[in-house]
Amino acid sequence: MTGAVQNLQACLIVHLILSDGSQVGLEFIVDTGFEGALALPLETIAQLKLPFELELDSVFADGNAVLTPVHSATILWQNKQIDVAILGLGERPLLGTALLASYRLTVDFLESGQVTILPITA
């Protein structure tokens, strides 16, 4: 998977497969401080009609805990369909380290620099 640096943020498009079988591509910012898979603003989750699963406490870097809704979705990840949990929080779509496990993230940190996520091969 590849993306590009925008305003010194590593960005890439992730395709969600909606309940009607259609796909929508959303741009996510890679956030290595976020341990979840994906996070989307609640407004986006509502527009996409993603199914609600549960609520959990999310602890932020400042130590504050917030009750956070968790929704489910199927995404295309490395040309495979996988099911992921999407946290309903924030104002920007975020891609976290849960999706990066066993992958190599490479970022050329300059405007329009390349962002690459590839499987780590033994």
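Before reading on, note that the structure itself is shown above.
Read on for an overview of the structure. Note that the coordinates shown come from a computational prediction; the quantities given were computed from them, not determined experimentally.

1. Notes on the overall build of the protein
Okay, step 1: Scanning the protein for helices and strands turns up one helix and 10 strands.
Okay, step 2: Its helices and strands in sequence order give the protein the pattern β-β-β-β-α-β-β-β-β-β-β, from N to C terminus.
Okay, step 3: Computed over the C-alpha atoms, the radius of gyration of the protein is 14 Å, within 12% of the 14 Å expected from 2.2 N^0.38 for a compact globule of 122 residues.
Okay, step 4: With the principal axes as the frame, the protein shows a C-alpha extent of 40 × 35 × 30 Å.
Okay, step 5: Put simply, the protein has 122 residues, and 39% of those count as buried.
Okay, step 6: When the accessible area of the protein is evaluated, it comes to approximately 7,200 Å², of which 52% is carbon and sulfur surface.
Okay, step 7: Between the averaged position of the 4 positive side-chain charges in the protein and that of its 13 negative side-chain charges there is a distance of 10 Å.

2. Considering the packing of aromatic side chains
Okay, step 1: Scanning the model with the defined rule gives one aromatic pair in all.
Okay, step 2: Residues W77 and Y103 carry aromatic rings whose centres are separated by 5.9 Å and whose planes lie at 80° to one another, so their mutual orientation is edge-to-face. Linking W77 in strand β6 (residues 65-77) with Y103 in strand β9 (residues 103-107), this pair joins segments that are 26 residues apart in sequence.

3. Overview of the layout of surface pockets
Okay, step 1: Taken as a whole, the largest pocket encloses approximately 360 Å³ of empty space.
Okay, step 2: Along the wall of the largest pocket there are 14 residues; nearest its centre are G33, F34, E35, S58 and V59.
Okay, step 3: Partitioning the lining of the largest pocket into residue classes produces eight nonpolar, three polar and three charged.

4. A short note on the pairing of strand β10 (residues 114-119)
Okay, step 1: The pairing of strand β1 (residues 2-6) with β10 spans three bridges and is antiparallel. Bridge pairing links G3 to V115 in β10.
Okay, step 2: Alignment of β9 against β10, held across five bridges, turns out to be antiparallel. Directly across from T106, in β10, lies its bridge partner T116.
Okay, step 3: What sits between the antiparallel neighbours β9 and β10 is a turn of six residues, in which S112 has the positive phi angle 70°.

Reading guide: rules and limits
Residues numbered from 1 in each chain as written. Predicted model: local features only at pLDDT ≥ 70, side-chain atom pairs only at ≥ 80, totals over all residues. Heavy atoms only, no water. Helix = DSSP H or I, 4+ residues; strand = E, 2+ residues; numbered from the N terminus. Rg over C-alpha atoms; globule rule 2.2 N^0.38 Å. Buried < 20%, exposed > 50% of the residue type's maximum accessible area, 1.4 Å probe, protein only. Areas by Shrake-Rupley, 256 points an atom, 1.4 Å probe, with all protein chains shown as cover. Lys, Arg positive; Asp, Glu negative; His and termini not counted. Charge placed at Lys NZ, Arg CZ, Asp CG, Glu CD. Phe/Tyr/Trp six-rings, centres within 6.5 Å; stacked < 30°, edge-to-face > 60°. 1 Å grid on protein atoms, 1.4 Å probe; cavity = no way out; pocket = protein on both sides within 12 Å on 5 of 7 lines; lining within 4 Å. Points joined across faces, edges and corners; volume = space filled by probe spheres on them. Nonpolar A, V, L, I, M, F, W, Y, C, P; charged D, E, K, R; others polar. Pairing = 2+ DSSP bridges.

In short, shape yes, function no, at least from these values alone.
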